[in-house]
Amino acid sequence: MSKTGKNVTPPDMVVAERKRLESICDVSLCRSVRLIEATTVVAIGKYVELRARNALKAAGLDTVKVTSIMHPSPMNAKANKGWAVEVRKQLSDLNLMEYIAKTSTTA
């Protein structure tokens with residue numbers, strides 16, 4: 001975030017800072033995938049999906065399935081209208097809803 005509280009997106013960042021952050025995130029993702037022996041990574045947005053694919057491939061983890069759900073960006077008109085409903089549908093279509101913790105409907 002900027003000093004004013006505005007969200008800073010990758011294109012807004014100084015290239016050297018963005019690459020440093022991406023490197024840290026790539027290493028963290030690969031370590032986490034190895035630690036929990038993940039077989040699927042669900043990225044939030046296409047930018048992160050591409051980053052995840054590249055990081056996992058570079059780390060020799062290219063058998064891990066990478067997919068994405070819609071990013072809840074204020075710049076995305078579709079995300080501003082029913083994001084949660086759309087993401088539930090996307091996760092359902094990916095057969096991943098069974099892994100989402102369900103809240104109790106009884107008190």
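Everything discussed here concerns the structure shown above.
Note that the coordinates shown come from a computational prediction; the quantities given were computed from them, not determined experimentally. Residue positions are counted from 1 within each chain, in the order its sequence is given. It should be noted that, the model being predicted, local features are given only for residues of pLDDT at least 70 and side-chain atom pairs only at 80 or more, the latter also being counted only at that level, while totals for whole chains, interfaces and linings use all residues. Side-chain measures were taken over the full set of non-hydrogen atoms in the model, leaving aside hydrogen atoms and water.

S.K.: Would you mind going over the overall build of the chain with me for this structure?
M.R.: Here a strand is any run of E in DSSP of at least two residues, a helix any run of H or I of at least four, and the numbering for each starts at the N terminus. Across its full length, the chain holds three helices and two strands. Residue contacts follow a heavy-atom distance rule, with two residues in contact if any of their heavy atoms lie within 4.5 Å. Relative to all contacts within the chain whose residues are 6 or more apart in sequence, the contacts with residues 24 or more apart total 47%. Of the accessible surface of the chain, which amounts to about 8,400 Å², a share of 58% is contributed by carbon and sulfur atoms. By the counting rule applied here, Lys and Arg register as positive and Asp and Glu as negative, while His and the ends of each chain are not counted. Where a charge lies is defined by one atom per residue type: Lys uses NZ, Arg uses CZ, Asp uses CG and Glu uses CD. One way to put it: in the chain the 17 positive side-chain charges average out to a point 4 Å from where the 10 negative ones average out. Accessible surface area values rest on a Shrake-Rupley calculation with a 1.4 Å probe, where residue burial reflects the displayed protein chains alone.

S.K.: Whenever I open this one, helix 2 (residues 46-58) confuses me. Can you help?
M.R.: Helical geometry: 3.6 residues make up each α-helical turn, so side chains three or four residues apart lie on a common side. One fewer than the residue count of a helix, multiplied by 1.5 Å, yields its expected span. Given a rise of 1.5 Å per residue, 13 residues ought to cover 18 Å, and the 18 Å separating the end C-alpha atoms of helix 2 matches this to within 8%. Within the sequence span of helix 2, burial applies to Glu-49, Ala-52, Ala-55 and Leu-56. Each buried residue of helix 2 sits inside an arc of 135° when the element is viewed along its axis, so together they form one side. Of the exposed residues in helix 2, those oriented more than 90 degrees away from the buried face are Lys-46, Leu-50, Lys-57 and Ala-58. On its buried side, helix 2 packs onto helix 1 (15-36), strand 1 (40-44) and strand 2 (65-69). After helix 2 finishes, the residue Gly-60 shows a positive phi value of roughly 75°. Each residue's exposure class comes from its accessible area (1.4 Å probe, protein chains only) as a fraction of the maximum for that residue type: buried when under 20%, exposed when over 50%, partly exposed otherwise. Here, the arc refers to the directions that run from the helix axis to the C-beta atoms.

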